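# Coordinate analysis (summary)
Residue strings, one per chain:
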Amino acid sequence: MTSSNDHGAGAAIDFDAKGESRWPMALAVVTAAVLHAVLPPGLRIEPGWTVVLFVLVVLGVLIAGDPGRIDRRTPWLAVTTGTLVGFITLVNCWSAVQLVVGILDDAAFTKPEELLLSGGAVWFTNVIAFALWYWTLDQGGPAQRVHRTGTSPAFVFPEMAQPEHVGENWYPKFVDYFAFSFATATAFSPTDVSAIRPWAKLLMVLEAAVSLTVAALVIARAVNVLT
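Attention in this report is confined to the structure presented alongside it. From a predicted model like this one, the values you see are computed outputs, not experimental measurements.

Geometry of a packed helix pair, given as the angle between the helix axes and the separation of the axes. Two elements in contact, helix 4 (residues 112-137) and helix 7 (residues 174-187), have axes separated by 8 Å at closest approach and are oriented at 130 degrees. Relative to helix 7, helix 4 is oriented oblique. Remark: the crossing between helix 4 and helix 7 carries right-handed chirality. Mapping the contact onto sequence places Trp123, Phe124, Val127, Ile128, Phe130, Ala131, Leu132, Tyr134 and Trp135 in helix 4 and Phe174, Tyr177, Phe178, Phe180, Ser181, Phe182, Ala185 and Thr186 in helix 7. Looking at the contact of helix 4 with helix 7 residue by residue, the classes come out as 15 nonpolar, two polar and no charged.

Quick look at the structure:
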């Protein structure tokens, strides 16, 4: 069966599959922007609304360029998605650096309650950012995955070995990458998902390193203040 929503070039698909819904990815992107906007002044880019505005504008462009389910294989959409994910990552990296510097310099926002909330926001945004990178890069992105026209997988999910539980047309969606990213940031060890490409393994190492650094410093500082 050929998809009636194949807008891009490439071979037609011959199975009954449809692109994933946009809303989980969109919700994650908006959440990351809002979390940055509510950070203390020393940890956010001022004015705070500029990050939210930029994210909403770029997200709107993506939705307009590929309305409905994500299945359009167009280079400019891939570039726009990468730009959005890169922007969120850079903004959060800036916040993470400012957080570390603030902890070491005993900045005003390092009161226990504010420190824990700020650290939690930076940590969770880091989870979102890496989930977006995994989702964007694996097999060439979501549109390529649904059409089976991308590169070979960089991540092996349990569902791939047990298709009888999910159906033959199953492919990983944003929620799957988000769950994997969250597990990587909390367990600091391999999960039920295996990274089999060098770049994927390096991304996992980087995510775990950032998460461990932020969590350790925030908890250590909070305990020190409370005691």
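What follows deals with the packing of helix 1 (residues 23-37) against helix 2 (residues 49-65). At a minimum axis distance of 9 Å, the contact between helix 1 and helix 2 shows a crossing angle of 165 degrees. Of the possible angle classes, the one that applies to helix 1 and helix 2 is roughly antiparallel. The interaxial crossing formed by helix 1 with helix 2 has right-handed handedness. Counting all contacts with helix 1, which are made through Met25, Ala26, Val29, Val30, Ala33, Val34, His36 and Ala37, the residues of helix 2 involved are Val51, Val52, Val55, Leu56, Leu59 and Leu62. In terms of residue class, the contact of helix 1 with helix 2 is built from 13 nonpolar, one polar and no charged.

With respect to the secondary-structure elements, Glu207 resides in helix 8 (residues 198-226). The charged side chain of Glu207 is buried without a salt bridge, its nearest counter-charge being Arg145 at 15 Å. Apart from residues lying up to four places away in sequence, Glu207 is in contact with Asn126, Val127, Phe130, Tyr134, Ser181, Thr184 and Ala185.

Summarising the element assignment, Asn92 is placed in helix 3 (residues 75-105). With relative accessibility at 8%, the residue Asn92 sits in the buried group. Along the primary structure Asn92 and Phe124 are separated by 32 residues, whereas in three dimensions their C-alpha atoms are 9.9 Å apart. Residues within four places of Asn92 in sequence aside, it is in contact with Val122, Thr125 and Asn126.

Moving on: a nonpolar patch on the surface. A cluster of nonpolar residues, Trp49, Leu53, Val57, Val61 and Trp76, forms a patch on the protein surface that exposes about 500 Å² of accessible area. Considering every element that reaches the nonpolar patch, the biggest residue donor is helix 2, with four residues. Within the secondary structure layout, Val61 lies in helix 2.

What follows covers the nonpolar core. Ranked by size, the top nonpolar core spans 37 residues in total, and within it Met25, Leu84, Ile88, Leu132, Tyr134 and Phe155 carry the most contacts. Of all elements in the fold, only helix 1, helix 2, helix 3, helix 4, helix 7 and helix 8 reach the threshold of two or more residues within this core. Counting residues per element, this core draws most heavily on helix 4, at seven residues. For Leu84, the residues in contact, after removing those within four places along its chain, are Met25, Val29, Val55, Val58 and Leu62. Leu99, Trp123, Val127 and Val214 belong to the second largest nonpolar core, which has 14 residues in total.

Cut-offs and rules
Residues numbered from 1 in each chain as written. Predicted model: local features only at pLDDT ≥ 70, side-chain atom pairs only at ≥ 80, totals over all residues. Heavy atoms only, no water. Axes fitted to C-alpha atoms, helices over the stretch in contact; angles between N-to-C directions. Helix = DSSP H or I, 4+ residues; strand = E, 2+ residues; numbered from the N terminus. Parallel < 35°, antiparallel > 145°, perpendicular 65-115°, else oblique. Left-handed = near helix turned anticlockwise from the far one by under 90°. Contact = heavy atoms within 4.5 Å. Nonpolar A, V, L, I, M, F, W, Y, C, P; charged D, E, K, R; others polar. Buried < 20%, exposed > 50% of the residue type's maximum accessible area, 1.4 Å probe, protein only. Lys, Arg positive; Asp, Glu negative; His and termini not counted. Salt bridge = Lys/Arg side-chain N within 4 Å of Asp/Glu carboxyl O. Patch = residues over 30% accessible without salt bridge, like charges linked within 9 Å, V, L, I, M, F, W, Y side chains within 5 Å. Areas by Shrake-Rupley, 256 points an atom, 1.4 Å probe, with all protein chains shown as cover. Core = buried A, V, L, I, M, F, W, Y, C linked by side-chain atoms within 4.5 Å.

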